[in-house]
Each structure stands twice: as C-alpha cells, then as structure tokens.
Amino acid sequence: MVENRPLSTLIAHAILWMGIAIVVFPVYLTFVASTHEPAEIVNGTMGFLPGGLPLQNYVDALFTGTKQIKSTPVLQMMGNSLVMALVIAIGKIAISIISAYAVVFFRFPFRMFFFWTIFVTLMLPVEVRIYPTYKIVSDLGMLNTYAGLTIPLIASATATLLFRQFFLTIPDELVEAAKIDGAGPMKFFRDVVLPLSRTNMAALFVILFIYGWNQYLWPLLVTTDASMDTIVYGIRRMIVTSDAQTDWHIVMATTMLAMLPPVFVVFAMQKLFVKGLVETEK
Amino acid sequence: MRKVIFKGTALPLLLIAPQIAVTMIFFYWPALQAVWQSFLIQDAFGTTTQFVWFENYQYLFKDPSYYNSMAVTAVFSTAVAVLSLGLALLLAVMADKQIKGAGTYKVLLMWPYAVAPAVAGVLWLFMFQPSLGVLAQVLRNLGLDWNPLLDGTHAMVLVVLAASWKQISYNFLFFLAGLQSIPKSLIEAAAIDGAGPRRRFWTVVFPLLSPTAFFLLVVNIVYVFFDTFGIVDAVTHGGPAKATETMVYKVFQDGRLGGDLGGSAAQSVILMAIVIGLTAIQFKYIERRVHY
C-alpha cells in the first residue's frame, strides 16, 4: 500500500461486506423460504430467519416436485441437467481439442477455410437462429432426447481457439524429438499433447459445465415432454402467474438445488474457474 | 504457424470432421434458413409460402412494437451496464487495496457467475413478488404501490436488478485482474508527486483501466441482448403490455407455435447483424490490448 490510512482501510472492508451482503441476500432469503411451511410464505409471516422444516421441502421437491401444478420430481430434473452439462462440457472439449490438433499440427487442403468456418460461429448464438435450428432438430427426430438437448450446442469456436493458441506454444523440438523416436501423430497426441493440456481442459470444463447446466432457451425449445425437463427450465414451469397456485416452498427448495452444483464447482475449483473465465474471453 | 508438422491428409480431415459436421448442421444451415425465411410469407395454415423480397423487413420497420422492443433492449442494457459495472468497479477498487482477507472477499463475490439467469430471475421475483415478497412489503410500507405484474416500470426495475446482480461477479473479476496488472510503481510515483488517492484513481488508474472497462461494456451489452432471455421469461414473460419484451424475446414470441415465422426470421437476421457488429468491435479492442 502506498500510504497507511486506517480509516480508508476500514471503509474498504465496510464496502466489501456491503457488496457481499447484496450478493448473498437473495440466496439467503430463498434458503429461509425453503425451510418454512407453505402457509407462512404465502401469508407473508415468514420473516428473515430459517423456519422449522430444515429438510421436508427438499425431500418433497426431490421425490415429488410441486403438487398444485404437477411437475416432474426434481431429482429426475437434476439427472437431466447433469447429463446435459456433462455431455456438453466433455463433448465440446473432445471435438475442439481434436479439431485444433488437426489445424495446428497438419497441413491439409482447405485447412484455413475450415478454421474460419469454425471461427465465424462465435457470432451465431442460438438466440439468433431459434426456429430454424429447432426445425432441424425436429426433422432429425431429436426432440425430447438427450442428443437433441446436447449435440447442437457442442460445437465451440471458443474452445477450439483456446486449444489452438495453446498448441502453438508447444515447442517444435518436442515434436521433432517425438518424430525421431518414431512416434506417429496419434501417439504424440496421446502421450504429449493430452497430458500438457490437462490444466486447460480442466479450466474449460469448469466454465462449460456451468454453461451447460444453466442452459434455458434450448431446453425450452427441444423438450416438450415434462420428464425431459432440466432443473433450470423446470423451475419456470412450477411458477404460475396466479400465485395462489404456486407451491413457493417447493419452488424455493428447487431453486437452492438448481444453484448447488454449479456454485459448488466454482468454490471447489476457484483457480481453474478464474483461469477458464479469463481465457475463454480472449 | 508451426514449422514441424506431421504428414497426412486423411487423419486431420477425420479429426476436424465432427466439429465441422456439427457446425454445418446446427449453425450454418439454420442461419441460412433464417435468411431465406425472412424473405417468405407463409399463410396461417402453413400450406402455401410466397417469396416477398423485403416485405417482412418493411413491415417490421413500420411496426411500433418492434421499436418498443429496441427501446426496451436499449434501456435494459444501459441500466444493467451502469449498475453492474459501477458497483463491480467500486468493489474491485476496494478489494485491490492490500487489505486483510482480500482473497476471501474475492471468493465470496465471484460465485453468482454460476447462477443461471433464469434462477437469478426467480430469486428476485420471490423477493419482489407483490403479494408475498419480503421486499415488496417493505416498499408497500413505504407507501409505494409496488406491482411488477401490472406496472411496466416496476417490471423493468425488477429484471434490471436481477440481471445486474448476476453480472456483478463477472465484471468484478475482470476489473480486479485489470487493476492488479497496473504497475504499483506508477501509483507510487504519483503519490510521491503529491497526488492523493482520489486524484491518483482518476488520473492514473482509471485511464489504464479503460480498455478493461470498454471490453466489459461490450460483454455486458451482449449479455443483456442474449443471456437475459431466461430472466425475462421467468420473471415477466415480456410483460406487462410488452414493457420488458427485449428483441430476442420478441423473436421467440412472434415465431411461437408457427405464428409469424417470416417476421421472426427477419428479426433474427437483424440480430445476427448486431452480433457481428459487436463481435467486430470486440476484436478491434483485443488487437489493441495485445499492443498494451
């Protein structure tokens, strides 16, 4: 620090705690609601302290779901979300790492054309081609399937660029040495490139897992069968505008459960998370 | 460009094939379809289609509800950018002071990134739900007739709060990284020359942080354009009376159940143009950052 000013340090602490309070409060309140009786929430007598039902709403949510508007049990929705998040994260990493490997370590016809073909998709989020993409998925008979939920989201320019960038830093001597030892391209990929990419893959996995888990528009389009609901989209189906019909106690427990896996990943893998976040934006 | 490479043509083509296949089928083909559809009008039963050149676009630019969605998107992005960038910058500047527990603060501020936009929407909807929300009651006690289900401004405030809340952590992390990359010697030099903390911030730190701020501005605009779909759909459904209907939400609404596919496609094409523009701006910035 340039100069020592106790007062300014104190203010800094105060402002940071205020920021944390803003960030935590909505989640705290949701947690509080998830431990109360439905009547206490609806009457507005809930207050700011946890209620007397530490687990009941969670058990009901996980195994039954909401009752007034019948929903899929949350455990099943979480299963769908987990499949979706894992397939998207692993699939994206797998197809990007091999395509980046091809672009960097080989010369073949139309190499740059293919590279640019992938690169341009950075500019085409699902949101700008909603219905045509939906129609293709439907024509291929992939509505209400895990394949339909995941494969269209698996192409990733970001991950390909990231791996390409990283592969360009692998020294030529390493490739030379491998070739002298008689290693072919696949052996080099397996024994050298993959181990070297471990940190990059892990950082990317953290970001892509969150991305996959949090998808909303895509599940909304390609799943009409409630048993295929993901948790993030499923919550939305539990809430009705005429609020007397919304089982808020279950909705709040479900909301907590929907946040749990991605937030846990951030806390458990802080360093990788920050690395992944910074690198995917380059 | 690498000097040492492997020989072969079939293998690399095989390796790149899955990525190209997915990209062609789910990116290029639908994008072309969107462009093609934007020149067509379908009758209500979907039996006949007619090629109409730019009629869908002309119709769109005569439609007041399209201008409404543009205005909503503009207000929404501006409010989110100001609110979340401002607060994130304040927090990052405080966390950058070498105070005790800076690492803990960082961790406690960064996790909302992992919360889905739709879920963030539900958190805020619950607090401000007119009949049972805890904060809605506080507002009512203060004499404000709070009702985001009926009042368009209230609904907008609600989606802005939810969207900003989620975006603070992202902006905070990038601002903090930006601040930490500023050489401490520059700040010390300014201090020796007699500049106080405030003056140092505005004349030394802030100008050096401006590339980060500009980058974040673009990211925040893209975020409001596309990622807030979940917030809008979960909290307001674009209502009341289209007061929170963003451009992306309108694309979704208009093409719903095969409604106005041509008009929806025309809007998609316009959005594509906007994304391409924003991406181009961002790349220009990144080029500049490399020179820094």
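In what follows, the structure referred to is the one given above.
Everything numeric in this text was worked out from a predicted model, so none of it was measured.

S.K.: Is there a simple way to explain the overall build of chain B in this structure?
M.R.: A tally of helices and strands in chain B yields 12 helices and two strands. Along its sequence from the N terminus, chain B presents helices and strands in the succession α-β-β-α-α-α-α-α-α-α-α-α-α-α. Taken over C-alpha atoms, the radius of gyration comes to 24 Å for chain B, far larger than the 19 Å a tight globule of 292 residues would show. Counting all 292 residues of chain B, 54% fall into the buried class. Look at the contacts in chain B between residues 6 or more apart in sequence, and 67% of them connect residues 24 or more apart.

S.K.: I'm lost on the packing of aromatic side chains in this one. Help?
M.R.: Each pair of aromatic rings is reported with the distance of its centres and the angle of its planes. Counting across every chain of the model gives 44 aromatic pairs over all chains. Judged by centre distance (5.6 Å) and plane angle (75°), the rings of Trp17 of chain A and Tyr105 of chain B are edge-to-face. In this pair, Trp17 of chain A is assigned in helix α1 (residues 6–33) and Tyr105 of chain B in helix α4 (residues 102–110), connecting two distinct chains. Assessed through its relative accessible area of 48%, Trp17 of chain A is described here as partly exposed. Measuring from ring centre to ring centre gives 6.0 Å for Phe201 of chain B and Phe206 of chain B, while their planes differ by 45°; the resulting arrangement is tilted.

S.K.: Would you explain helix α15 (residues 270–280) of chain A in this entry?
M.R.: Three- or four-residue spacings in an α-helix give side chains the same orientation, since the helix completes a turn every 3.6 residues. Along α15 of chain A, the residues classified as buried are Phe273, Gly276, Leu277, Glu279 and Thr280 of chain A. Its buried side turned inward, α15 of chain A meets α8 (157–167), α11 (198–213) and α14 (248–268) of chain A together with α4 and α7 (152–180) of chain B.

S.K.: Just to check I follow, could you spell out the side chain of Asp96 of chain B for this structure?
M.R.: Residue and element names in this part refer to chain B. Positionally, Asp96 belongs in helix α3 (residues 64–96). Buried and unpaired, Asp96 has no salt bridge, with Lys184 as the nearest side chain of opposite charge at 4.1 Å. For Asp96, the contacting residues outside a window of four places in its chain are Leu176, Leu179, Gln180 and Lys184.

S.K.: What should I look at first to understand the interface of chain A and chain B in this one?
M.R.: Interfaces are often described in size by the accessible area the parts lose on coming together. Taken together, the contacts link 111 residues of chain A with 100 residues of chain B. Across the interface of chain A and chain B, roughly 9600 Å² is buried in total on both sides, 77% from carbon and sulfur atoms. When residues of chain A are sorted by the area they lose upon contact with chain B, Leu16, Val23 and Tyr131 of chain A head the list and together hold 7% of the total. In this structure, Arg236 of chain A engages Asp233 of chain B in a salt bridge whose closest nitrogen and oxygen atoms are separated by 3.1 Å. Considering every element that reaches the side of chain A that touches chain B, the biggest residue donor is α1 of chain A, with 18 residues. Counted by class, the side of chain A that touches chain B contains 80 nonpolar, 18 polar and 13 charged residues.

S.K.: Explanation requested: the side chain of Ser164 of chain B in the structure shown.
M.R.: Along the chain, the position of Ser164 of chain B falls in helix α7. Discounting residues that sit within four places of it in the chain, Ser164 of chain B has contacts with Val80, Leu83 and Ser84 of chain B.

S.K.: Looking at this model, I keep getting lost on the packing of helix α8 (residues 184–192) of chain B against helix α9 (residues 197–227) of chain B. Mind explaining?
M.R.: Think of two packed helices as two axes; the pair is described by the angle between the axes and how far apart they sit. All names here are of chain B. Relative to each other, α8 and α9 sit at 160°, their axes nearing to 10 Å. With respect to each other, α8 and α9 are oriented roughly antiparallel. Two packed elements cross with a definite hand, and for α8 against α9 that hand is right-handed. Contact with α8, carried on its side by Leu186, Ile187, Ala190 and Ala191, involves Arg200, Val204, Val205 and Leu208 of α9 and no other residues of that element. When the residues that make up the contact of α8 with α9 are grouped by side-chain class, the tally is seven nonpolar, no polar and one charged.

S.K.: Please clarify how unusual backbone geometry should be interpreted in this entry.
M.R.: Excluding glycine, residues mostly carry a negative phi; peptide bonds, for their part, are mostly trans. All names here are of chain A. A positive phi is found at Phe110, a non-glycine position, where the angle reads about 65°. With respect to the helices and strands, the residue Phe110 is situated in the loop between α4 (74–105) and α5 (111–120). Residue Asn144 is not a glycine yet carries a positive backbone phi of 60°. A residue is classified by how much of its surface remains accessible, and Asn144, at 24% relative accessible area, is partly exposed.

The rules behind these values
Residues numbered from 1 in each chain as written. Chains lettered and ligands numbered in written order. Predicted model: local features only at pLDDT ≥ 70, side-chain atom pairs only at ≥ 80, totals over all residues. Heavy atoms only, no water. Helix = DSSP H or I, 4+ residues; strand = E, 2+ residues; numbered from the N terminus. Rg over C-alpha atoms; globule rule 2.2 N^0.38 Å. Buried < 20%, exposed > 50% of the residue type's maximum accessible area, 1.4 Å probe, protein only. Contact = heavy atoms within 4.5 Å. Phe/Tyr/Trp six-rings, centres within 6.5 Å; stacked < 30°, edge-to-face > 60°. Lys, Arg positive; Asp, Glu negative; His and termini not counted. Salt bridge = Lys/Arg side-chain N within 4 Å of Asp/Glu carboxyl O. Buried area = accessible area lost by both parts, 1.4 Å probe. Nonpolar A, V, L, I, M, F, W, Y, C, P; charged D, E, K, R; others polar. Axes fitted to C-alpha atoms, helices over the stretch in contact; angles between N-to-C directions. Parallel < 35°, antiparallel > 145°, perpendicular 65-115°, else oblique. Left-handed = near helix turned anticlockwise from the far one by under 90°.

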